[in-house]
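Commentary on secondary and tertiary structure
Residue strings, one per chain:
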Amino acid sequence: MRLYGVDIGSRLLLGTAQYPSPAILGDAVEASRAEIVTVSLRREAGGDQHGQAFWTLIRDMGVRVLPNTAGCHTVKEAVTTAQMAREVFDTNWIKLEVIGDNDTLCPNVFELVEAARVLSEDGFEVFPYTTEDLVVAEHLLQAGCKVLMPWGAPIGTGLGLNNVYGLRTMRAHFSDVPMIIDAGIGLPSHAAHAMELGFDAVLLNTAVARAGNPVAMAQAFAQAIEAGSMARSADPMEARDMASPSTPVLGKASLG
Amino acid sequence: MKIIVNGQSLEVTATLLDAALGELGYGEARVATALNGEFVPGSARASTNLGDGDRLEILAPMQGG
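Presented here is an overview of the structure given in this document.

Here the focus is the overall build of chain A. Assigned secondary structure in chain A consists of nine helices and 10 strands. Along the first, second and third principal axes, the C-alpha set of chain A runs to 85 × 40 × 35 Å. For chain A, buried positions account for 51% of its 256 residues. The long-range fraction of contacts in chain A, counting pairs at least 24 apart against all pairs at least 6 apart in sequence, stands at 66%. In the form shown here, chain A has an accessible surface area of approximately 12100 Å², with 52% of it arising from carbon and sulfur atoms. Between the mean site of the 18 positive side-chain charges and the mean site of the 29 negative ones, chain A shows a separation of 3 Å.

So, in structure tokens, the structure goes:
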């Protein structure tokens with residue numbers, strides 16, 4: 001998989017929030033074999049070292065970071081947050097979230113497209129958290145995005161792929177654009193399904209961090225994503241409504 | 001003078017942003033700054049003046065999804 005000119009071996013991108021401890025986060029990232037982890041920025045009081053400790057932990061993992069603009073609701077907020085993240089994390093990559101509704105955390109796609117344009121013109125490489133809407137996707141590409149990240153379901157719900165038809169259509173319509181399913185994944189089977197549909201990767205956080213055993217779940221996701229990806233490459237059969245015997249009928253004994 | 005640091009009203013004597021960060025205990029911390037909603041790069045802190053009532057945001061790396 002190639003994202004903004006960078007070859008990435010793993011098709012799982014992992015969030016770093018909500019783990020029971022920093023040690024479990026580290027073990028989960030290792031078990032997931034993720035090469036990209038998402039990170040964020042928050043207020044820190046003078047003298048506190050929480051941010052520095054977290055940064056040291058992430059840096060020692062040897063993974064690439066994808067900072068987000070989580071919690072931003074306007075172009076202005078998202079752009080300023082992205083500029084701050086670029087300096088702190090020393091990367092042009094930004095996972096662009098511009099939230100439009102607090103119950104569903106649905107993106108505000110109008111602000112999203114404008115923020116993507118402003119950031120792309122400023123040299124950012126934007127990973128937009130978007131819906132499966134094809135027109136929005138087209139506008140994001142025109143704004144300069146070279147990767148799209150449609151949601152599976154609202155963030156943190158674990159509902160899986162809510163609109164399989166919409167996602168399949170999006171995959172077919174933009175067949176050459178790297179696309180990552182971002183948010184809503186609850187189970188390894190959801191991730192495998194996303195890969196079987198032809199998506200390039202899956203980004204998830206809560207499903208691993210909130211599992212009873214995050215490290216085992218990280219490994220389960222890694223295996224499911226690998227299986228789904230292999231299945232896609234193996235060209236799955238077409239589904240059909242009527243049964244068809246798999247055992248040859250020819251030569252069947254007449255015993256009635 | 002009083003400025004709003006991360007939503008909290010604080011008294012600082014420094015009039016430049018980099019000096020205020022030192023005064024507030026950030027030292028060499030890996031942080032990014034925004035003044036009144038505008039990003040201020042690290043390289044511009046020494047030449048950025050603070051005024052009474054300014055809103056300063058100081059952000060550090062944090063876990064994220």
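Here the focus is the interface of chain B and chain A. Taken together, the contacts link 25 residues of chain B with 29 residues of chain A. Regarding the contact of chain B and chain A, the summed buried area is about 2300 Å², with carbon and sulfur atoms giving 57% of it. Considering only the surface of chain B that becomes buried against chain A, Arg30, Met62 and Gly65 of chain B emerge as the three largest contributors, covering 27% of it. Inspection of the chain B/chain A interface yields three salt bridges.

Moving on: the pairing of strand β5 (residues 64-67) of chain A. All names here are of chain A. Taken together, the four bridges between strand β4 (residues 36-43) and β5 define a ladder with parallel strand orientation. Looking at the pairing, valine 39 lines up with proline 67 of β5. Chirality of the crossover, the property in question, places the unit of β4, helix α2 (residues 50-61) and β5 among those that are right-handed.

Residues and elements named next belong to chain A. Of the residues making up helix α6 (residues 164-173), those classed as buried are Gly166, Leu167, Met170 and Arg171. Across the axial projection of α6, the buried residues extend over an arc of 135 degrees, all falling on one side. α6 presents Tyr165 and Ala172 as exposed residues on the side facing more than 90 degrees away from its buried surface. For α6, the elements touching its buried residues are α5 (134-142), β8 (149-150) and β9 (180-182).

All names here are of chain A. Read from one edge of the open sheet, three strands run β6-β7-β8, paired in parallel fashion. A single partner strand is all that each edge strand has here, and the edge strands are β6 (93-96) and β8. The sheet contact formed by strand β7 (residues 125-130) and β8 spans two bridges and is parallel. Across the sheet, tyrosine 129 pairs through a bridge with methionine 149, a residue of β8.

All names here are of chain A. As enumerated under the stated definition, the model contains four aromatic pairs over all chains in all. Taking 5.3 Å as the distance between ring centres and 55 degrees as the angle between the ring planes, the aromatic pair formed by tyrosine 4 and phenylalanine 127 counts as tilted. Pair noted here: tyrosine 4 is in the loop between β1 (2-3) and β2 (6-7) and phenylalanine 127 is in strand β7, with a separation of 123 residues, a long-range link. No difference in accessibility class separates tyrosine 4 from phenylalanine 127, as the two residues are buried. Ring geometry for tyrosine 129 and tryptophan 151: centres 6.5 Å apart, planes at 80 degrees, overall edge-to-face. Taken as a pair, tyrosine 129 in strand β7 and tryptophan 151 in the loop between β8 and α6 lie far apart in primary sequence, 22 residues in all.

The rules behind the values
Residue positions are given per chain, counted from 1 along the sequence in the order it is written. The lettering of chains begins at A and the numbering of ligands begins at 1, in the order of writing. Totals for whole chains, interfaces and linings use every residue, but because this is a predicted model, local features are given only for residues with pLDDT of at least 70 and side-chain atom pairs only at 80 or more, for both listing and counting. Based on all heavy atoms of the structure, the side-chain values leave hydrogens and waters out of the count. Runs of H or I in DSSP of at least four residues are treated as helices and runs of E of at least two as strands, each being numbered from the N terminus. The classification of residues rests on relative accessible area computed with a 1.4 Å probe and restricted to protein chains. Under 20% of the type maximum is buried, over 50% is exposed, and intermediate values are partly exposed. In this analysis, two residues are considered to be in contact whenever any of their non-hydrogen atoms come within 4.5 Å of each other. In short, Shrake-Rupley with a 1.4 Å probe defines the accessible areas, and a residue's cover is counted only from the protein chains shown. Charged residues are defined narrowly, with Lys and Arg counted positive, Asp and Glu counted negative, and His plus the chain ends left uncounted. We put the charge of a Lys on NZ, of an Arg on CZ, of an Asp on CG and of a Glu on CD. Joining two parts hides part of their accessible area as seen by a 1.4 Å probe, and the buried area is that hidden amount summed over both. Salt bridges are identified by distance alone: a Lys or Arg side-chain nitrogen within 4 Å of an Asp or Glu carboxyl oxygen. Whether two strands pair depends on DSSP finding at least two bridges between them. Whether a crossover is right-handed comes down to one check: with the strands pointing away from the viewer, does the path from the first strand over the helix to the second run clockwise; if it does, it is right-handed. Here, the arc refers to the directions that run from the helix axis to the C-beta atoms. Pairing of aromatic rings covers Phe, Tyr and the six-membered ring of Trp, with a centre-to-centre limit of 6.5 Å; geometry is then stacked below 30 degrees between planes, edge-to-face above 60, and tilted otherwise.

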